[in-house]
Amino acid sequence: MTETTQTRTPHPGDASAPRSPEYRLAMDALGGLRQDLFHDAFAYRPLPPMATDGPLTRRLPGRLRSYAARLPHAVVVGVAVIAFLGDSMARGFMNGPLTLLSGLACAVPVLATLVRPVGAFWMSMAATPVTAVLDSSFGEWPWLPGAFICHWTVLVVVAIRTRPRAAAWMWVLTAAYAVLWAGAFGDGQYNTSAPMLFLSALALLVVAVWHVRREARQEVTAQRTVTEHERSRRTLLEERTNIARELHDVVAHHMSVVAIQAEAAPYRVENPPAELERAFATIRENAVAALTELRRVLGVVRAEDYEAPDAPQPTLADLDALLANVRDAGLTVDKAVTGAVRELPPGVELSAYRIVQEALSNTLRHAPGATARVEVSYVLGGLGLRVVNGPVPVPSLVKPSPGAGHGITGMRERVTMLNGEMTTGPTDEQGFEVTVFLPVTAAASEGDA
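Residues numbered from 1 in each chain as written. Predicted model: local features only at pLDDT ≥ 70, side-chain atom pairs only at ≥ 80, totals over all residues. Heavy atoms only, no water.

Colleague: Would you mind going over the packing of aromatic side chains with me for this structure?
Modeller: Both the distance between ring centres and the angle between the ring planes are used here to describe each pair of aromatic rings. As enumerated under the stated definition, the model contains three aromatic pairs in all. Each ring, one from Phe-38 and one from Trp-122, has its centre 5.1 Å from the other, and the planes form 45 degrees; the classification is tilted. One end of the pair, Phe-38, is in helix α1 (residues 21-38); the other, Trp-122, is in helix α5 (residues 117-134), with 84 residues separating them in the sequence. On the basis of relative accessibility, which here comes to 48%, the residue Phe-38 falls in the partly exposed class. Measuring from centroid to centroid gives 5.2 Å for Phe-121 and Trp-122, while their planes differ by 65 degrees, and the two rings are edge-to-face. Three or more aromatic residues joined by ring pairs make a cluster, and in this case those are Phe-38, Phe-121 and Trp-122. (Phe/Tyr/Trp six-rings, centres within 6.5 Å; stacked < 30°, edge-to-face > 60°. Helix = DSSP H or I, 4+ residues; strand = E, 2+ residues; numbered from the N terminus. Buried < 20%, exposed > 50% of the residue type's maximum accessible area, 1.4 Å probe, protein only.)

Written out as structure tokens, the structure is:
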């Protein structure tokens, strides 16, 4: 038994037949030409004002800056006037009506680039033979002086306002027009095609490079924005992880104390009732179970290289030791305590200590040589903190270190966790101030006491 394979030869007109790479490339090119120069060619696209945040325009006063934003429009109008006068000056303002009509044919496409850029290109292509026919001297063809200025300006402006591919297609069509005109009417006349093609190619190349550099700069700016956003997000997550670790150490300590006291309580009472023993046993079991669950949850956010501290987490009672350390580092800092000092919940004490610590660290980094003051206020509804530093002395041997504001992010995260309020900002004395209020209910204070 012999098996034969038949291959079907596609018909030349069969649309389902596979196409060659050259054919697909040509069709893609024609599709780009149709999209760039034919599709909605006369759409209304006004030229937006120029950005005034550059190194030069940002120094201008308000009124001059608003005028500077319209500088591209003024330049285009000025070139349109030059194109209007181009043929008139070349021919000594001869043939009044024809000169006026030829000047208008050259000026209108330039002005059209302000509102209909792609349509302005086709208007310039149409104005070129019109000005050539209106010229009675039959001199410099196909682009007379006014038409030369008009078409070159339109190519440059439209290339700036569109994409590099559109600029390439405009140059190709200009070259095709020049070749056709030279073949049909170019005998014995000065041909301006070579200057037009050379100068326009040079200008369009510069515009294309400008487009590439601008897109690269925008891409870099976008990447920097994304990177900064991711860095801030990562910093926030790291700070939350640190807070979770510290709170674990605080809560675990108290839960351990509860479990130990519940286990030892029955032995402190002679002949305790069975119900009391069962109650203390239940308290101990629940404390141990809560401590186990707490450690299991913390294992999700704890880093592999994290080691639990041997000493208890710091409180406001340790502020004096903290201030002594920063004084040894060269910071002159004072402390003021107002109100009745009392014991606060461990989470509030720890967060208050960390906020003061971070604020003083920021002073050391960003305001070297400045003085600082720490104010702790025990009020009825909670705890108030204020850390303020003075201006950097002039001259200063140590330069401030740049920062990304991550310390402020960490402090704000701690305040938010405790439903507190925080404000930061410069002071009238050219310093910086951090003000925090951490609410504490009366029941919470009495329970800790």
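After that view, the rundown keeps rolling.
Colleague: Is there a simple way to explain the sheet that holds strand β4 (residues 421-426) in this structure?
Modeller: By way of backbone hydrogen bonds, the strands of a sheet pair with one another, either parallel or antiparallel. One open sheet accounts for five strands, arranged β1-β2-β3-β5-β4; its pairing is mixed. Looking at strand neighbours, the two that pair on one side only are β1 (332-338) and β4, the edges of this open sheet. Taken over all neighbouring pairs, the strand axes of this sheet differ in orientation by 10 degrees on average, direction set aside. One ladder, built from seven bridges, connects β1 with strand β2 (residues 371-379); its direction is parallel. (Pairing = 2+ DSSP bridges. Axes fitted to C-alpha atoms, helices over the stretch in contact; angles between N-to-C directions.)

Colleague: Quick question: what am I supposed to make of the nonpolar core here?
Modeller: Buried together is how nonpolar side chains tend to be arranged in soluble globular proteins. The biggest cluster of nonpolar side chains holds 39 residues, and the ones touching the most others in it are Leu-37, Phe-121, Trp-143, Val-154 and Met-170. Of all elements in the fold, only α1, α3 (71-90), α4 (96-112), α5, α6 (145-161), α7 (164-185) and α8 (193-264) reach the threshold of two or more residues within this core. Excluding residues that lie within four positions of it along the chain, Phe-121 makes contacts with Leu-37, His-151, Val-154, Leu-155, Met-170, Leu-173 and Thr-174. Counting residues in each nonpolar core, the second largest holds 31 residues, with Leu-319, Ile-408, Leu-418 and Leu-438 among its members. (Core = buried A, V, L, I, M, F, W, Y, C linked by side-chain atoms within 4.5 Å. Contact = heavy atoms within 4.5 Å.)

Colleague: Is there a simple way to think about the side chain of His-73 in this case?
Modeller: Mapped onto the elements of the fold, His-73 is located in helix α3. Once residues lying within four places of it in the same chain are set aside, the contact partners of His-73 are Leu-47, Pro-48, Pro-49 and Leu-114.

Colleague: Please explain the pattern of salt bridges as it appears in this structure.
Modeller: Side chains that differ in sign of charge can pair as their charged atoms come close. One pass over the structure, following the stated rule, counts seven salt bridges. One salt bridge connects Asp-36 with Arg-163, and the closest N-O pair in it is separated by 3.8 Å. Separated by 127 residues along the polypeptide, Asp-36 in helix α1 and Arg-163 in the loop between α6 and α7 bring together distant segments of the chain. For Glu-375, the salt bridge goes to Arg-386, with nearest N and O atoms at 3.2 Å. Of this pair, Glu-375 sits in strand β2 while Arg-386 is found in strand β3 (residues 382-389), placing the two residues 11 residues apart along the sequence. Given the relative accessible area of 23%, Glu-375 is considered partly exposed. Because the salt bridges share partners, they merge into one network encompassing Arg-373, Glu-375, Arg-386 and Glu-433. (Salt bridge = Lys/Arg side-chain N within 4 Å of Asp/Glu carboxyl O.)

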